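Structural overview
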Amino acid sequence: MTEGWAGSGHPGQGACVWTPGTRNTMNLLREVLFKQQFGNQPRVPAPYYRRKTYLCYQLKQRNDLTLDRGCFRNKKQRHAEIRFIDKINSLDLNPSQSYKIICYITWSPCPNCANELVNFITRNNHLKLEIFASRLYFHWIKSFKMGLQDLQNAGISVAVMTHTEFEDCWEQFVDNQSRPFQPWDKLEQYSASIRRRLQRILTVRSQPQSRSPASPRLPRQLQPPHFYHLSSACCLPPPTPFSFLMTPPFGSLSQAFAVPSMSLLIDPFCLFASGLLCGFPDGSDSKESACNAGDLDVIPGSGRSPGEGNG
DNA sequence: ATTTTCAAT
Ligand SMILES: [Zn+2]
């Protein structure tokens, strides 16, 4: 029985499974697909294509023996991370044995998936999960940043893919024709920039009110609740940051559940800097990303129109 | 130096 990429048609549409002991029947990623989807360029190189989410995982024993590996893409609304969790759960791993799972993912997890991953790893203390993301998914939106923080607070290591991880991914998951990994232009430079951005996100800023020097970091149980768990719709990124300004009524979204406020979903500073809005009463996330321009902290829409860069 | 990103047409 060959369990290959599920889904409609071409490889890369669904999941692939590799079983130890047998021949490697896992459908490998094609080289172009790997470079297109795992590429960490800040913008998609021309000609345009859409960068989707691919998750490649390696399940390892304590002695570094790989027990399982596979690659997932989302299936409609079912994100790759959820399919990955389902897959690991289906393996019925021995709870008294410890495992390590390495994940290479093109986009970092959304808030809902981060929440599910936290629940998953909390229920499975014998698993050590390491996530390497090539790019940060909506990294300027507060709920997405909090999701990444939650991952780390739950003991899940979150890092940005470097040459080492790209190379390992190339060797483990790509139909590489036995050729060595050849990095694309400025791979390390892009990786370093994204890593700096992730560092800023994962660095818990001290609360302006609580200045107790004895408690540098609150335990997870005492941290304020987040909003993304109310509905998966909360983690849906707005099509454009200001799309809600253009839709006359808020419509079904606000009726379905109590959205605290749109300002909670978007970095206030992003809107503030855009000049469209000003005077947020809750300046919890203001001041951030004002400096460090030239990194990923640059404010979208604050400069000239995109696509009109250097010339 | 930098976004349009687990689409929907
Ligand atoms: Zn997700």
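Everything discussed here concerns the structure shown above.
Okay, so let's go over this structure. (Residues numbered from 1 in each chain as written. Chains lettered and ligands numbered in written order. Predicted model: local features only at pLDDT ≥ 70, side-chain atom pairs only at ≥ 80, totals over all residues. Heavy atoms only, no water.)

Helix and strand content of chain A: ten helices and six strands. Across the 311 residues of chain A, 41% fall into the buried class. Taking all contacts inside chain A whose residues are at least 6 apart in sequence as the whole, residues at least 24 apart take part in 70%. Working note: accessible area of chain A is about 17400 Å², and carbon and sulfur atoms make up 53% of it. (Helix = DSSP H or I, 4+ residues; strand = E, 2+ residues; numbered from the N terminus. Buried < 20%, exposed > 50% of the residue type's maximum accessible area, 1.4 Å probe, protein only. Contact = heavy atoms within 4.5 Å. Areas by Shrake-Rupley, 256 points an atom, 1.4 Å probe, with all protein chains shown as cover.)

The side chains of a regular strand alternate between both faces of the sheet. Among the eight residues in strand S3 (residues 66-73), seven count as buried, and that is most of the element. Relative to S3, strand S2 (residues 54-60) runs antiparallel, the two being bridged by seven bridges. Paired with Leu55 across the two strands is Phe72, which belongs to S3. Between S2 and the antiparallel strand that follows it, S3, lie five residues; Asp64 among them carries a positive phi value of about 75 degrees. (Pairing = 2+ DSSP bridges.)

Okay, the packing of aromatic side chains next. Geometry of an aromatic ring pair is reported as the spacing of the ring centres plus the angle between the planes. On inspection of all chains with the given rule, the structure shows 16 aromatic pairs. Ring centres of Phe166 and Trp184 lie 4.9 Å apart, and the angle between their planes is 70 degrees; on these two criteria the pair is classed as edge-to-face. Note that Phe166 is positioned in helix H5 (residues 163-173) and Trp184 in the loop between H5 and helix H6 (187-202), a separation of 18 residues in sequence. Here Phe166 matches Trp184 in class, with each residue buried. With centroids separated by 5.9 Å and ring planes inclined at 90 degrees, the aromatic side chains of Phe181 and Trp184 adopt a geometry described as edge-to-face. (Phe/Tyr/Trp six-rings, centres within 6.5 Å; stacked < 30°, edge-to-face > 60°.)

At a minimum axis separation of 8 Å, helix H3 (residues 111-123) and helix H4 (residues 142-153) run at an interaxial angle of 15 degrees. Between H3 and H4, the angle falls in the class roughly parallel. Every pair of crossing elements has a handedness; the one defined by H3 and H4 is left-handed. Contacts between H3 and H4 involve Pro111, Ala114, Leu117 and Val118 from the former and Ser143, Phe144, Gly147, Asp150 and Leu151 from the latter. The residue inventory of the contact of H3 with H4, partitioned by class, reads six nonpolar, two polar and one charged. (Axes fitted to C-alpha atoms, helices over the stretch in contact; angles between N-to-C directions. Parallel < 35°, antiparallel > 145°, perpendicular 65-115°, else oblique. Left-handed = near helix turned anticlockwise from the far one by under 90°. Nonpolar A, V, L, I, M, F, W, Y, C, P; charged D, E, K, R; others polar.)

Looking now at the side chain of Arg51. Topologically, Arg51 is positioned in the loop between helix H1 (31-38) and S2. In this structure Arg51 is buried but unpaired, with Asp185 as the nearest side chain of opposite charge at 13 Å. Within polar-contact distance, the side chain of Arg51 engages the backbone oxygen of Gln41 at 2.7 Å. At a separation of 3.5 Å, a polar atom in the side chain of Arg51 contacts the main-chain carbonyl oxygen of Pro42. If we skip the residues at most four places from it in the chain, Arg51 touches Gln36, Gln37, Gly39, Gln41, Pro42, Arg43, Val44, Trp107 and Arg135. (Lys, Arg positive; Asp, Glu negative; His and termini not counted. Salt bridge = Lys/Arg side-chain N within 4 Å of Asp/Glu carboxyl O. Polar contact = N/O pair within 3.5 Å; in protein donor to acceptor, adjacent residues only side chain to side chain.)

Its location among the elements puts Cys169 in helix H5. Assessed through its relative accessible area of 0%, Cys169 is described here as buried. For Cys169 and Cys56, which are 113 residues apart along the polypeptide, the C-alpha to C-alpha distance reads 7.7 Å. Excluding residues within four positions of it along the chain, Cys169 makes contact with Phe34, Phe38, Cys56, Tyr104, Met161 and Val174.

Buried residues of H1: Phe34, Gln37 and Phe38, and no others. Along the long axis of H1, the arc covered by the buried residues comes to 85 degrees, so they all point the same way. Buried residues along H1 sit in contact with S2, strand S4 (99-107), strand S5 (127-135) and H5. (Arc of directions from axis to C-beta.)

All of the protein donors around the zinc ion are His79 (ND1), Cys110 (SG) and Cys113 (SG); their distances to the metal are 1.9 to 2.3 Å. The exposure class of His79 is partly exposed, given its relative accessible area of 26%. Judged by its relative accessible area of 1%, Cys113 falls in the buried class. (Donors = N, O, S within 2.8 Å, 3.2 Å for Na, K, Ca; no water.)

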